[in-house]
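So you can see what is in the structure, the chains are spelled out below.
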Amino acid sequence: MYINDLTPQEIVSSIEQIGLPKYRADQVFRWIHKSLERDYSKMTNLSAKDIHYLKDSFQYDMISIYKKLESNVDDTKKYLFELGDRNIIESVFLRYDFGDSVCISSQAGCNMGCVFCASTLGGKERNLRASELLEQVYMIQKDLNTRIDSVVVMGSGEPLDNYNNLKKFISIITDENGLNISKRKITVSTCGIVDKIYTAAEDNLGFNLAISLHAATQEKRNKLIPASKKYPLKDLIEACDHYTQKSGRRVTYEYILIDGFNDTEDDVKSLKELLKNSNCHVNLIPLNPISEFEGKAPSDLQIRSFYKSLVKNKINTTIRRELGRDINAACGQLRNNYIK
Ligand code: SAH
């Protein structure tokens, strides 16, 4: 059992089982999730005897920095982390005016098969544990000696295909005895696993929901995102509207711009029709090229003109500033090519 994979309640029952007093649970949880201490012997308010029992009974789920790439054009840093079983995952540190953020992976590889995305090329290796989700944030916070303000679960993997661990991750990272990051500072990006959007609403997870929309008609979306066939657009938008109602959070629709495919006036019309009753926001992302997909980003002029058309149609829209392109840290370029 991994000590850093346990919720506060689970730590209580686990340490009681090995005969430690209940009050130790809070102390241990704080050491791990607030002080980010991995080494039991440095947990100074524990007795030597209790440290001994803890060491004997629980492992710590470690990840380590395999490689770190620093951008020359901005403050972006990409980390390749090695997991206990030697899988390699990627996380990205991003510095914004409003604070420091990390983009974390939710799975080693991905099963979704989106045609424009590098992360899915080798399929899914496995789900990450909550402790592995947390460690990506902790390792970066420690390495850069900073305070992470927000987390986006937008690296490789489909977070809603790893729902239970995602839920556990959110409960621990928002805990006041942990990093105490507000739910409102957590964004989860999904290609649209409809039933799990309802579950997240029921479970009150309260994160910002981002949907990889990328096309505004069923026919076009099917060509990009295989999961779209199982979770039709109409159902997806309904689920998102329900999420907004329940959580009070406006949904963000991410829309990759692919030259000549989804950037015309017809696409503006379809988007307008699709989102006409939704309280939402559209984030345009110029496609980042990958060799396995033939599409390319439209010209800057065309991107501006698509943006202006959406705004004219009263759709809240922004164009995403791409960070870290020189170190392959941009969306869709996180690839599983370091697995040994
Ligand atoms: N599976 C989740 C999260 C990972 S993808 C999801 O689908 O949302 C994170 C974001 O990067 C998504 O919006 C995804 O569509 C986008 N993305 C993937 N490949 C891309 C590419 N080549 N260029 C730009 N964005 C891309």
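From a predicted model like this one, the values you see are computed outputs, not experimental measurements.

Visitor: It is not clear to me how the overall build of the protein should be interpreted in this structure. Could you clarify?
Guide: Counting its secondary structure elements, the protein contains eleven helices and twelve strands. Taking 340 residues into account, the globule formula puts the C-alpha radius of gyration at 20 Å, and the protein, at 21 Å, falls close to it. A principal-axis box enclosing the C-alpha atoms of the protein has dimensions of 70 × 40 × 35 Å. Out of the 340 residues belonging to the protein, those deemed buried represent 55%. Across the protein, contacts joining residues at least 24 apart in sequence account for 66% of those joining residues at least 6 apart. If the 47 positive side-chain charges of the protein are averaged to one point and the 45 negative ones to another, these points end up 2 Å apart.

Visitor: Sorry, what's going on with a positive patch on the surface here?
Guide: Side chains of Arg-30, Lys-34, Arg-147 and Lys-185 sit close together on the surface and give a patch of like positive charge. Among the secondary structure elements, Lys-34 is positioned in the loop between α2 (23-33) and α3 (48-57).

Visitor: Before we go on, may I ask you to explain the pattern of salt bridges in this structure?
Guide: Should the charged atoms of two oppositely charged side chains come close, the side chains can pair. For the structure shown, the criterion picks out 25 salt bridges. With a closest N to O distance of 2.8 Å, Asp-259 and Lys-296 form a salt bridge. With Asp-259 in the loop between β10 (251-257) and α10 (265-274) and Lys-296 in the loop between β11 (280-286) and α11 (300-312), this pair connects stretches of sequence that are 37 residues apart. On the basis of relative accessibility, which here comes to 34%, the residue Asp-259 falls in the partly exposed class. It is possible to trace a salt-bridge network through shared partners that takes in Asp-61, Asp-85, Arg-126, Arg-129 and Glu-132.

Visitor: Would you mind showing me how to read the sheet that holds strand β8 (residues 186-190) here?
Guide: Note: strands within a sheet are paired through backbone hydrogen bonds, in either parallel or antiparallel orientation. The ten strands lie next to each other as β1-β2-β3-β4-β7-β8-β9-β10-β11-β12, forming an open sheet whose pairing is mixed. With one partner strand each, in any of the chains shown, β1 (64-70) and β12 (317-319) form the two edges of the open sheet. Strand-to-strand twist across the sheet, computed as the mean angle between neighbouring axes with direction ignored, equals 20°. By the bridge criterion, six bridges tie β1 to strand β2 (residues 77-82) in an arrangement that is antiparallel. Residue pairing in the sheet places Lys-67 in a bridge with Leu-80 of β2. Lying on the sheet, helix α5 (residues 163-173) is in contact with β7 (150-153) and β8; it crosses β7 at an angle near 180°.

The rules behind the values
Residues numbered from 1 in each chain as written. Predicted model: local features only at pLDDT ≥ 70, side-chain atom pairs only at ≥ 80, totals over all residues. Heavy atoms only, no water. Helix = DSSP H or I, 4+ residues; strand = E, 2+ residues; numbered from the N terminus. Rg over C-alpha atoms; globule rule 2.2 N^0.38 Å. Buried < 20%, exposed > 50% of the residue type's maximum accessible area, 1.4 Å probe, protein only. Contact = heavy atoms within 4.5 Å. Lys, Arg positive; Asp, Glu negative; His and termini not counted. Charge placed at Lys NZ, Arg CZ, Asp CG, Glu CD. Patch = residues over 30% accessible without salt bridge, like charges linked within 9 Å, V, L, I, M, F, W, Y side chains within 5 Å. Areas by Shrake-Rupley, 256 points an atom, 1.4 Å probe, with all protein chains shown as cover. Salt bridge = Lys/Arg side-chain N within 4 Å of Asp/Glu carboxyl O. Pairing = 2+ DSSP bridges. Axes fitted to C-alpha atoms, helices over the stretch in contact; angles between N-to-C directions.

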